[in-house]
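Per-entry structural report
Single-letter residue listing:
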Amino acid sequence: IGQAKQVLEEEKPKVVARAKLAEICAAGAARTKETLREALELGRSVGLEDSEMAECAELLRIEEEKERLFAEVKACLESSKTCTMTEIDSVRGAKDALSAAIAAALAAGVPEADLMDAELRRKKLHNTVEDLKGSIRVFCRIRPLSGKEKD
C-alpha cells in the first residue's frame, strides 16, 4: 500500500499536467504562446515524456512561425513606404516583396484581418505599377461585315 501511495503521489502531478496540456491544445483561438509555454514547462517539471508534449510543442512552433511571418509582413510594409514611387523597378520590387510576405503569412495561418493594411498597400503599389507602365489598354473586336453592309 505504501508503494501504491508513492506511485500515486508521483503520477498525480503528471495527470494534472496532461489535463492542462490537453485543455490548452483544444483551446483553439484562445490559446497563446504564453499558455503553450506554461503548459510545456509544467509538463517538463513533472517529468512528462516528449511524446506526451509533442502536440503542444508543435502548436507552439506554429504560433511562433505565425508571429515571425507577421513581423516580416510589417517589415515589408514599412520598407515599401520608403520606395521611390516614380521608379517602376522600385515600386515593382516593393510590391513583389510585400506580396510574397503576405502569401507566406496567409499560408501559415495568420488571420486575413491582421494583414488588411499590408494588402491595401500591395494594391496601391500594384495600381502604381500599372500607371507607371501606362498599360491602360482598350480591347476591341471587329465583326465581319453583314450582307446589308457590303451593299
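Structural data are supplied above this passage.
What comes next concerns the included structure. A quick note: this is a predicted structure, and the numbers were derived from the prediction, not measured.

1. Some details on the overall build of the protein
Check the secondary structure of the protein and you find six helices and zero strands. Written out in order from the N terminus, the α and β elements of the protein read α-α-α-α-α-α. Overall size of the protein, expressed as C-alpha extent along the three principal axes, is 110 × 45 × 20 Å. When the 151 residues of the protein are sorted by exposure, 25% land in the buried category. The contacts in the protein between residues at least 6 apart in sequence include a share of 63% that link residues at least 24 apart. Here the protein displays about 10600 Å² of accessible surface, and carbon together with sulfur accounts for 54% of that area. With 26 positive and 29 negative side-chain charges, the protein shows a spacing of 8 Å between the two charge centroids.

2. Some remarks on the pattern of salt bridges
According to the stated counting rule, one finds 13 salt bridges in the structure shown. In this structure, R68 and E72 form a salt bridge, with 3.3 Å as the shortest nitrogen-oxygen distance. Taken together, the residues R68 and E72, both in helix α3 (residues 50-80) and four residues apart, mark about one turn of the helix. Exposure remark for E72: the relative accessible area of 33% places this residue in the partly exposed category. Through salt bridges with shared partners, a single network forms among E11, K14, R18 and E52.

3. Comments concerning the side chain of S80
Along the chain, S80 turns up in helix α3. Among the polar contacts listed, one links the side chain of S80 to the backbone oxygen of L77, at a separation of 2.7 Å. Among all residues touching S80, those that are not within four sequence positions of it are A94, L98, R121 and L125.

4. Some remarks on helix α2 (residues 33-46)
Its 14 residues give α2 an end-to-end C-alpha distance of 20 Å, which sits within 8% of 20 Å, the value for a rise of 1.5 Å per residue. Looking only at α2, the buried set comprises K33, L36, A39, L40 and G43. For α2, the angular spread of the buried residues around the axis is 130°, confining them to a single face. Within α2, the exposed residues directed more than 90 degrees away from the buried face are E38 and S45. Against the buried residues of α2 lie α1 (2-25) and α3.

Quick notes on the rules
- Residues numbered from 1 in each chain as written.
- Predicted model: local features only at pLDDT ≥ 70, side-chain atom pairs only at ≥ 80, totals over all residues.
- Heavy atoms only, no water.
- Helix = DSSP H or I, 4+ residues; strand = E, 2+ residues; numbered from the N terminus.
- Buried < 20%, exposed > 50% of the residue type's maximum accessible area, 1.4 Å probe, protein only.
- Contact = heavy atoms within 4.5 Å.
- Areas by Shrake-Rupley, 256 points an atom, 1.4 Å probe, with all protein chains shown as cover.
- Lys, Arg positive; Asp, Glu negative; His and termini not counted.
- Charge placed at Lys NZ, Arg CZ, Asp CG, Glu CD.
- Salt bridge = Lys/Arg side-chain N within 4 Å of Asp/Glu carboxyl O.
- Polar contact = N/O pair within 3.5 Å; in protein donor to acceptor, adjacent residues only side chain to side chain.
- Expected span 1.5 Å × (residues − 1).
- Arc of directions from axis to C-beta.

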